[in-house]
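For reference, the chains in residue letters:
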Amino acid sequence: MDLEARCASLQSELDTATPTSLNRKNQDPVSWLPRAPARHDLESHRSPVSCLAFHPIFSSLASGSDDTTIKIWDWELGELERTIKGHTRAVLDVDYGGPRGGTLLASCSSDLTIKLWDPADEYKNIRTLPGHDHSVSAVRFIPSGAAGSPMSGNLLVSASRDLTLRIWDVTTGYCVKSMQGHGDWIRDVTPSPDGRFLFSGGDDRVARLWDISSGDTKSTFLGHEHYIECVAFAPPTSYPHFAALAGLKKPPPASSSAEFVATGSRDKTIRLWDTRGNCIKTLVGHDNWVRSLVFHPGGKYLLSVSDDKTLRCWDLTQECKCVRTIVAHGHFISSLRWAPPLVKDAGANEGANGTETASNGAKEDATKMSIRCVLATGSVDLKVRVFAA
């Protein structure tokens, strides 16, 4: 029976997949999902690719590797732009962000340092932030939540095997806060969209939600049976779907930035939670460690990659059913990033992180228009793959 149903669904997909319908489908970025084959295979790293980051405005994609280098690619053309050398051991994470009008690239490494690079000045290493006592596993710019430029900000958060999270001011290079609470290696950290909270997870199997201003843990998330590899905040566009999953009468307001989160673990599962620490749903399907998670900006899907070599798309509107599985690489997949939405009015000639002019009413519309249907995966097979509409 299952086979018959599967055949029928595949057949219906074929029947409906005329060139015109494909164009129609692609016009709505909210429901766009990646499909094989990838648009580009980017090859140049000599060791496994560990991390990826998209430039907020230009078509640059940064990849970090165990070969100690960072490579900058043009994801539209599929070409290598430059190789950045500076770290002395594996590069574990990269992220673009920083002060408005001055996008920076941050990287962190098992050489215990965080480095800041200036894309506007040929990626010169403008600052090195020492202070962690062990490998720095993750680094993320913290959005300021300012009305004019919500994605910009001077703060950066790092997670380390030394059991601390540290917050840095990238303009001065000072560590302004150190947060403790995890009992083992912290593998991932992510800020909430308004920059008020952090969510982190690692080898102690307990994810934590932190209040940045006080540095205190607000909630803990217990349930995973192995190390937590990756964490993500759900975007407000997903709240209606989460509300239905959680049995809420109505979704939280879209203005609230930290209502739901997701964690991926070596126990092969993904868990969805409310931010009080209640597990709403466990997604089972991957056959190996879950390594990276990203919510579709449209809010309807969660995407994940795993050491089972697949990229999976989970539909939050269908009880989190896995609606697409792509064998994306020939080896373990370490990383997954979605190109950030283009903030309205961010002209390519404008060196800033863009300015948001949409009023709250037009906000939904603006996000719809600005979703970029582009994502990238990085793997132990040394390749970076770009999936795009």
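Residues numbered from 1 in each chain as written. Predicted model: local features only at pLDDT ≥ 70, side-chain atom pairs only at ≥ 80, totals over all residues. Heavy atoms only, no water.

(A) Molecular detail of the pairing of strand E14 (residues 186-191). Burial analysis of E14 places six of its six residues in the buried class, the great majority of the element. Direction of pairing for E14 relative to strand E15 (residues 197-202): antiparallel, over a ladder of five bridges. Each residue of the ladder has a partner; that of Asp-188, found in E15, is Gly-201. The loop that links E14 with its antiparallel partner E15 comprises five residues; one of these, Gly-195, has a positive phi angle of about 75°. (Buried < 20%, exposed > 50% of the residue type's maximum accessible area, 1.4 Å probe, protein only. Helix = DSSP H or I, 4+ residues; strand = E, 2+ residues; numbered from the N terminus. Pairing = 2+ DSSP bridges.)

(B) Layout of the sheet that holds strand E20 (residues 269-274). Sheet architecture is open: four strands sit in the order E18-E19-E20-E21, paired in antiparallel fashion. Pairing within the sheet leaves two strands with one partner each, and these edge strands are strand E18 (228-233) and strand E21 (279-284). Averaged over neighbouring strand pairs, the angle between their axes works out to 20° when direction is ignored. Note: E20 against E21, five bridges, orientation antiparallel. Paired with Trp-273 across the strands is Cys-279, a residue of E21. Contacting strand E19 (260-265), E20 and E21, helix H3 (residues 239-246) crosses the sheet at an angle of about 95° to E21. (Axes fitted to C-alpha atoms, helices over the stretch in contact; angles between N-to-C directions. Contact = heavy atoms within 4.5 Å.)

(C) Geometry of the sheet that holds strand E1 (residues 40-43). Taken in spatial order, the four strands make up an open sheet running E1-E28-E27-E26, and their pairing is antiparallel. Each of the sheet's edge strands pairs with one partner strand only, and the pair in question is E1 and strand E26 (333-338). Put simply, the sheet's adjacent strands are angled 20° from each other on average, direction ignored.

(D) Here's a closer look at unusual backbone geometry. Cis peptide bonds are those with omega within 30 degrees of zero, and the linkage from Ala-36 to Pro-37 qualifies with -5°. By the element assignment, Pro-37 lies in the loop between helix H2 (19-27) and E1. Although it is not a glycine, Leu-112 sits at a positive phi angle of roughly 80°. Mapped onto the elements of the fold, Leu-112 is located in the loop between strand E7 (104-109) and strand E8 (114-118). The partly exposed category is assigned to Leu-112, whose relative accessible area is 32%. Phi angles above zero are rare outside glycine, and Leu-382 is one such case at about 75°. The exposure class assigned to Leu-382 is partly exposed, which follows from its relative accessible area of 29%.

Spatial relationships are all this shows, so hold off on functional conclusions.
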